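Structural description and commentary
As a plain string of letters, each chain reads:
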Amino acid sequence: MRKIFLTLLINISFASCLLAQISLDINEASYEKSNDYVYTLGEGISFNFDDSIHIFKIGGMAQFRYLNMQNTDSVIPAENYIGIKRSYFSFSGELSSGQFSFLIQTNFSESFPLLDAWFGYHPNKNLSLYFGQKMTPCNNYSMQFMENDLQFASRNNLSSNFSRLGREFGVFIESNFNVGDIGIKPMIAVTSGDGTNSFGENSQDSDQGGFKYGGRLNIYPMGFFSNGNEFVGHDIAREKKPKIMIGGASSLNIGASHMVGEGHYNEDLYQPENFMFYNADSVLQTKLPNYLKNNLDLLFKYKGFNLLIEYVNTAAYNLQSTAKNTSGTLLDTTEISEYLVLGNAYNLQLGYLFENDFSIDLKWGQSYKEFRHNQNSVLRNYDSMGLGLTKYFSERAVKAQLMGRYLNFYENSELNQLIIECLFQIRF
């Protein structure tokens, strides 16, 4: 019995050694291609597989702010806010040597945290197709900047008045090519027209209206910007040659039920930015306006200096025989400006980033509502002026910003505001 046990033990040991050797050989064969990971402060953790054929990246950022807001021409006391402005977590990657890509990004400071969730296919270096929820190219140019790359502590007034998060769900086609020394980027988007999380909280909270169709064309007379320098507020690459982008974008939202076309009406949930209209000839049928938005932009960067000029114009169509309620109360043409943001706006911002990563920035903006005699228009006539100071640390992984902004409303001086914002940002 003892011999049988010993023989069995020897056989098991031999088999174990043989399996260990086979496993070692398999592992050595499977690791012929390099797999590793790299952490870079401000850029997150990158995991490289099969000699970087597949790349996955984990990153994020957090913004902490203090905000002081006071009405300069009224007795309303100043308001102070302190807390976390944004807290992002992102997971992105490239597959098959960049032929496919994806991004999932969330903001845990919001009740609906999902920001971006898209999948991209890149058949060649000049063409990209995306499906999912992402930044749309059809807004003003700076609305394509990620929130951690803004020139100021907050987005400009043009962006905040005519957009919300700037993200939509749909199909996006983007291309880039050169004609001589001139760079060209055409883009097309077909989206739900209802902004982020457009399909609502449940099966009964569905989209309203039809699709949103839009496109953008950017022209670069002096060639494309340096890699990673175009969609950033400052000239972080300090372009050695002058770089200019001249762009235009247009979109038509078929059946909008949100003041800027980034949401939709839900009869079970009251939200002041959403609305619903009806067909005056049959109030049991809904009837929503079409919302047109046009943008013109210019971006210039050279040796630390940056200049951005933006213009937007909006209009509404399909208003005939529209009722405001199921009682059949007709909508007057000028009343549509009480529901949709209609009019024009300008934004100009410039700055200089010194070699020590300190920047001084200025901005100016103006808006004009479409129907100037309608005192209830959601868009108001105003001037805005702002001054910003920015300092980058740790190779721009850390950013501190101070911004002062003054809003002057033409029709009611009691609405005039002075806003001071301090922001501290860390990217990991």
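Throughout what follows, the structure given in this document is the object of discussion. Per chain, the residues get numbers from 1 upward, laid out in the order the sequence is written. Only residues with pLDDT of at least 70 get local features here, since the model is predicted, and only at 80 or more are side-chain atom pairs given and counted; chain-wide, interface and lining totals rely on the full set of residues. Think of the side-chain values as coming from all heavy atoms in the structure, minus any hydrogens and water.

A few points about a nonpolar patch on the surface
- Residues enter patches when they are more than 30% accessible in relative terms and free of salt bridges; like-charged ones are connected within 9 Å and nonpolar ones (Val, Leu, Ile, Met, Phe, Trp, Tyr) within 5 Å. Only the protein chains shown count as covering a residue, and every accessible area follows the Shrake-Rupley method with a 1.4 Å probe. For this document, the term salt bridge refers to a Lys or Arg side-chain nitrogen within 4 Å of an Asp or Glu carboxyl oxygen. Together, Phe119, Tyr121, Leu129, Phe131, Val171, Ile173, Ile188, Val190, Phe211 and Tyr213 line one region of the surface with nonpolar side chains, adding up to about 890 Å² of accessible area.
- Of all the elements in the fold, those that place two or more residues in the nonpolar patch are strand S6 (114-124), strand S7 (127-135), strand S8 (167-175) and strand S10 (182-191).
- Only runs of H or I of at least four residues qualify as helices and only runs of E of at least two qualify as strands under DSSP, and these elements are numbered from the N terminus. Relative to the elements of secondary structure, Phe131 occurs in strand S7.

A closer look at the nonpolar core
- Core analysis: the biggest nonpolar cluster contains 23 residues, and Phe162, Tyr291, Ala316, Ile336, Leu340, Val341 and Leu342 have the highest contact counts within it.
- Contact criterion: two residues are considered in contact whenever any of their non-hydrogen atoms come within 4.5 Å of each other. Those residues in contact with Leu342 that lie beyond four places of it in its chain are Tyr291, Thr314, Ala315, Ala316, Ile336, Ser337, Tyr368, Lys369, Glu370, Phe371 and Leu379. For the purposes of this section, nonpolar cores are sets of buried Ala, Val, Leu, Ile, Met, Phe, Trp, Tyr and Cys residues that join through side-chain atoms within 4.5 Å. Exposure classes here rest on a 1.4 Å probe applied to the protein chains alone. A residue is buried below 20% of its type maximum, exposed above 50%, and partly exposed in between.

Some remarks on the pairing of strand S19 (residues 358-369)
- Any two strands between which DSSP finds at least two bridges are classified as paired. Relative to S19, strand S18 (residues 343-353) runs antiparallel, the two sharing eleven bridges. Residue pairing in the sheet places Tyr346 in a bridge with Gln366 of S19.

Considerations on the sheet that holds strand S14 (residues 282-286)
- Read from one edge of the open sheet, three strands run S14-S13-S17, paired in antiparallel fashion. With one partner strand each, in any of the chains shown, S14 and strand S17 (322-323) form the two edges of the open sheet.
- Relative to S14, strand S13 (residues 278-279) is paired through two bridges, and the arrangement is antiparallel. Bridge pairing in S14 places Tyr278 opposite Thr286.

Examining the pattern of salt bridges
- Counted according to the given criterion, the structure contains 15 salt bridges.
- Salt-bridge contacts for Arg216 lead to Asp297; the nearest nitrogen and oxygen are separated by 2.8 Å. Of this pair, Arg216 sits in strand S11 (residues 212-220) while Asp297 sits in strand S15 (residues 290-302), and the two are 81 residues apart along the sequence.
- The buried category is assigned to Asp297, whose relative accessible area is 4%.
- Each of Asp116, Glu147, Arg155 and Arg167 takes part in salt bridges that share partners, so that together they form one network.

Describing unusual backbone geometry
- The phi dihedral of Asn318 is positive, around 65 degrees, even though this residue is not glycine.
- Along the chain, Asn318 turns up in the loop between strand S16 (305-317) and S17.
- A positive phi is found at Ser321, a non-glycine position, where the angle reads about 55 degrees.
- Within the element layout of this structure, Ser321 appears in the loop between S16 and S17.

Side note on the pairing of S15
- Strand direction decides the pairing type here: strand S12 (residues 243-253) and S15, joined by eleven bridges, are antiparallel. By the bridge assignment for S15, Leu252 is matched with Leu292.
- Pairing of S15 with S16, which is carried by 13 bridges, proceeds in the antiparallel orientation. Bridge pairing in S16 places Asn290 opposite Tyr317.

Section: the packing of aromatic side chains
- Stacked, tilted and edge-to-face are the three classes assigned to paired rings of Phe, Tyr and Trp, where Trp is represented by its six-membered ring and a pair needs centres within 6.5 Å; plane angles under 30 degrees give stacked, over 60 edge-to-face, the rest tilted. For the coordinates displayed, the defined rule picks out 24 aromatic pairs.
- Measuring from ring centre to ring centre gives 6.2 Å for Phe56 and Phe91, while their planes differ by 15 degrees; the resulting arrangement is stacked. Linking Phe56 in strand S3 (residues 54-71) with Phe91 in strand S4 (residues 79-95), this pair joins segments that are 35 residues apart in sequence.
- On the numbers, 6.4 Å between centres and 25 degrees between planes, the contact of Phe354 with Phe358 is stacked.
- Overall, the relative accessible area of 37% leaves Phe354 in the partly exposed class.
- Classification of Phe358 as partly exposed rests on a relative accessible area of 27%.
- What links up through ring pairs into an aromatic cluster is the set Phe49, Phe56, Phe91 and Phe102.

Let's talk about the side chain of Ser175
- Within the secondary structure, Ser175 is located in strand S8.
- In this structure Ser175 comes out as buried when scored by relative accessible area, which is 19%.
- Engagement of the side chain of Ser175 in a polar contact is seen with the backbone oxygen of Asn126, the distance being 2.8 Å.
- Setting aside anything within four residues of it in sequence, one finds Ser175 in contact with Asn126, Leu127, Ile184, Lys185 and Pro186. Whenever a nitrogen or oxygen atom comes within 3.5 Å of another N or O atom, the pair is scored as a polar contact, on the condition that within protein one atom can donate a hydrogen and the other can accept it, and that pairs from neighbouring residues in sequence are kept only if both atoms are in side chains.

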